[in-house]
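Coordinate analysis (summary)
The residues making up each chain are set out below.
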Amino acid sequence: MAPESYPRNTLDILEAEAIHVIREVAAQFERPLMLFSGGKDSILMSYLAKKAFWPGRIPFPLMHIDTGHNFDETLEYRDWWMQEIGAQLIVRYVEDSIKLGRVKEEEGVNPSRNSQQTVTLLDAVNEFKFDCAMGGARRDEEKARAKERFLSFRDRFGHWDPKNQRPELWNLYNGMKRPGEHFRAFPISNWTELDVWQYMLREQVPLPSLYFTHEREIVRRDGVILALGPYNQLVDGEQAEFTWVRFRTIGDMTCTGATESRAHTLEDIVNEIAATRVTERGGRADDRRSEAAMEDRKKQGYF
């Protein structure tokens, strides 16, 4: 299917809305930043930021909270993409938070560091005195994220109260805050997963190879397909296999599930997503820890 056949008007509206929010954050806040994970949503957001201020440079840094359990492909792409868009990158490491005693490594086999990112992020916000952190969350991803406003208030402890958010009427955003408080902003809130892929196809945005089908050694664990590697190893009773997979979302290697797929191109991915009935985060092991796993993490300061 050719890019010209997609509803360009819808994508243009979403693009304009996201750019408006990004510019509004840059105008209202003294020390904003943009969070970057190497996933498609943060890539989209950084691409829109480049468009928003072209031909000038992006006027705020991008920051990656590195769990130490990333896919190699993600880190390689991250470093290349920062040079490509001419952005300043700040990296803060969960490993350093563990060494400082700020967080404790999970016990047991194949421990995940996904939830530990919260402390590292809040420490970085305090270190640089950031007053607004833009994230790539979308409302269609997960029910807790559907409660977010474009500008989401955080108290002086970095906590989120979904019942204490400000109204946003006629695209008017209230960024007033007291010392120690900050905001999260979500410029692509109204995009769906299909919108993201259609836009990536239209704009021909380069993406990490993890998003396209490739043969990989995996294990099927609790209904999730996980890539085997240094941070994810077999436990008793499990069996490794090689199969063709790709990733719809990219995060900590220990909890990011793959999907079996033969989608080699952006066109293939668009057609696959248009037909799927499984949610994007349906393969995320961290979201399955409890019924309200995401909301609990967000209340503590997660992305």
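Keep in mind that what you see is a predicted model, and the values were worked out from it rather than measured.

Calculation notes
Residues numbered from 1 in each chain as written. Predicted model: local features only at pLDDT ≥ 70, side-chain atom pairs only at ≥ 80, totals over all residues. Heavy atoms only, no water. Salt bridge = Lys/Arg side-chain N within 4 Å of Asp/Glu carboxyl O. Helix = DSSP H or I, 4+ residues; strand = E, 2+ residues; numbered from the N terminus. Expected span 1.5 Å × (residues − 1). Buried < 20%, exposed > 50% of the residue type's maximum accessible area, 1.4 Å probe, protein only. Arc of directions from axis to C-beta. Pairing = 2+ DSSP bridges. Axes fitted to C-alpha atoms, helices over the stretch in contact; angles between N-to-C directions. Contact = heavy atoms within 4.5 Å.

Scanning all chains against the criterion turns up 21 salt bridges. Through salt bridges with shared partners, a single network forms among D12, E15, K51, R202 and E203.

Further remarks concern helix α3 (residues 72-85). Look at α3: 20 Å from first C-alpha to last across 14 residues, which is about the 20 Å you get at 1.5 Å a residue. Within the span of α3, buried status applies to T74, Y77, R78, W81, M82 and I85. Down the axis of α3, the buried set is contained in an arc of 135 degrees. They therefore lie on one face. Facing away from the buried side of α3 by over 90 degrees, the exposed positions are D72, E76 and Q83.

Looking at the secondary structure, you find Q198 in helix α6 (residues 193-203). Q198 gets classed as buried once you look at its relative accessible area, which sits at 10%. Each C-alpha atom, one on Q198 and one on I273, is 10.0 Å from the other, the two residues being 75 residues apart in sequence.

If you walk across this open sheet you meet the 6 strands as β3-β2-β1-β4-β6-β5, and the pairing is mixed. Here the strands that pair on one side only, and so sit at the sheet edges, are β3 (89-93) and β5 (151-154). Strand-to-strand twist across the sheet, computed as the mean angle between neighbouring axes with direction ignored, equals 30 degrees. Sheet topology note: the strand β2 (residues 62-66)/β3 ladder contains 5 bridges and is parallel. By the bridge assignment, H64 is partnered in β3 with V91. Taken strand by strand, helix α5 (residues 117-128) contacts β1 (32-35), β2, β3 and β6 (182-185), and its axis lies near 130 degrees from that of β3.

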